[in-house]
Amino acid sequence: MTPPHDDSIMAALIAADRSLSWRPITCHDQVFCREMFAADRSAMFAPLGLPPAMLNALLDHQWAAQHLGFADRYPDAEHLLIIRCEVAVGRLIAARRAHRDGPRALVVVDILISQTARNAGIGSAVLRSLEAAALAQGASQIELSVLASNAGARRLYQRLGYIEGDGDAHLPLVKPLTAAPASASAAASRASPA
């Protein structure tokens, strides 16, 4: 993976939580990302009662299909490892989209926090950081989709002001962004690490 360039999403990210950081995903991170994916998706397939070998094969196919789909739809996406206190806790895939007759958007292609790191404010902090980065890069909204069955993520997005659209298995969400008042921006810049 190539290092971020000056106009990359990663370069614009300033952690809303000082214990958080990110870096491009490397081939050495794939095992962690695959295990995190498997842990997340295993619960979805548990009702099928598949033998472990069959479940693992199904998860391998899902993992491969997801990667191919993301690469096809978002070839310029940035794949980032989310780190908290120097420990990998998640993955973020983000891209830019310029709508022909509409706003520029930052697209959260995928965000996954490991099960052991959930409910610690990491997802909220990453999304707040993405919102600030999107504004800094001229985007007027953030777009993402969520599995309709993922009630926890849907609650988080609703709490953060994302607006759900209609869908079946996946629901589209949008968050319009507005620039923070000058006093809030100044306070944020004073609070951010140097």
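Residues numbered from 1 in each chain as written. Predicted model: local features only at pLDDT ≥ 70, side-chain atom pairs only at ≥ 80, totals over all residues. Heavy atoms only, no water.

1. Digging into the nonpolar core
Move 1: Formed by 36 residues in total, the largest nonpolar core has its most connected members in I82, L92, V108, V126, L130 and Y157.
Move 2: Broken down by element, the residue count for this core peaks at seven residues, all from helix α4 (residues 122–136).
Move 3: Apart from the residues within four sequence positions on either side, V108 is in contact with L92, I93, L127, L130, I142, E143 and L144.
Move 4: If you look at the next biggest cluster of nonpolar residues, it comprises eight residues, including I25, M36, W63 and I83. (Core = buried A, V, L, I, M, F, W, Y, C linked by side-chain atoms within 4.5 Å. Buried < 20%, exposed > 50% of the residue type's maximum accessible area, 1.4 Å probe, protein only. Helix = DSSP H or I, 4+ residues; strand = E, 2+ residues; numbered from the N terminus. Contact = heavy atoms within 4.5 Å.)

2. Digging into the pairing of strand β2 (residues 78–84)
On a regular strand, each side chain points to the face opposite its neighbour's, so the side chains alternate between the two faces of the sheet.
Move 1: By the criterion of burial, β2 is predominantly enclosed, with five of the seven residues buried.
Move 2: In the sheet, strand β1 (residues 20–24) pairs with β2 via five bridges, with the strands oriented antiparallel. Paired with S21 across the two strands is I83, which belongs to β2.
Move 3: Bridging between β2 and strand β3 (residues 87–98) involves seven bridges; their strand directions are antiparallel. Residue pairing across strands places L81 opposite R91, the latter belonging to β3.
Move 4: Two successive antiparallel strands, β2 and β3, enclose a turn made up of two residues, where C85 displays a positive phi of approximately 50°. (Pairing = 2+ DSSP bridges.)

3. Some remarks on the sheet that holds β2
Move 1: Read across the open sheet, the seven strands follow the order β1-β2-β3-β4-β5-β7-β6; overall the sheet is mixed. What marks the edges here is a single partner per strand, and that holds for β1 and β6 (163–164).
Move 2: As paired elements, β6 and strand β7 (residues 170–176) share two bridges and run antiparallel to each other. When the bridges of β7 are listed, E164 appears paired with L173.
Move 3: Sheet contacts for helix α3 (residues 52–73): β3 and β4 (104–113); angle to β3, the most-contacted strand, approximately 35°.
Move 4: In this fold α4 packs onto β1, β2, β3, β4, β5 (141–147) and β7, with an angle of close to 160° to the strand it touches most, β4. (Axes fitted to C-alpha atoms, helices over the stretch in contact; angles between N-to-C directions.)

4. A word on the side chain of S8
Move 1: Within the secondary structure, S8 sits in the segment before α1 (9–12).
Move 2: Excluding residues within four positions of it along the chain, S8 makes contact with E78, R96 and Q137.

5. Structural notes on the confidence of the model for the chain
Move 1: Of the residues in the chain, 88% have a pLDDT of 70 or more, and the chain-wide mean is 86.
Move 2: Element-level pLDDT for the chain is lowest in helix α6 (residues 182–191), with a mean of 43, against a maximum mean of 95 in β2.
Move 3: The low-confidence segment residues 181–194, where pLDDT is below 50, has seven contacts with residues more than four positions distant or belonging to other chains. (pLDDT = per-residue confidence, 0-100.)

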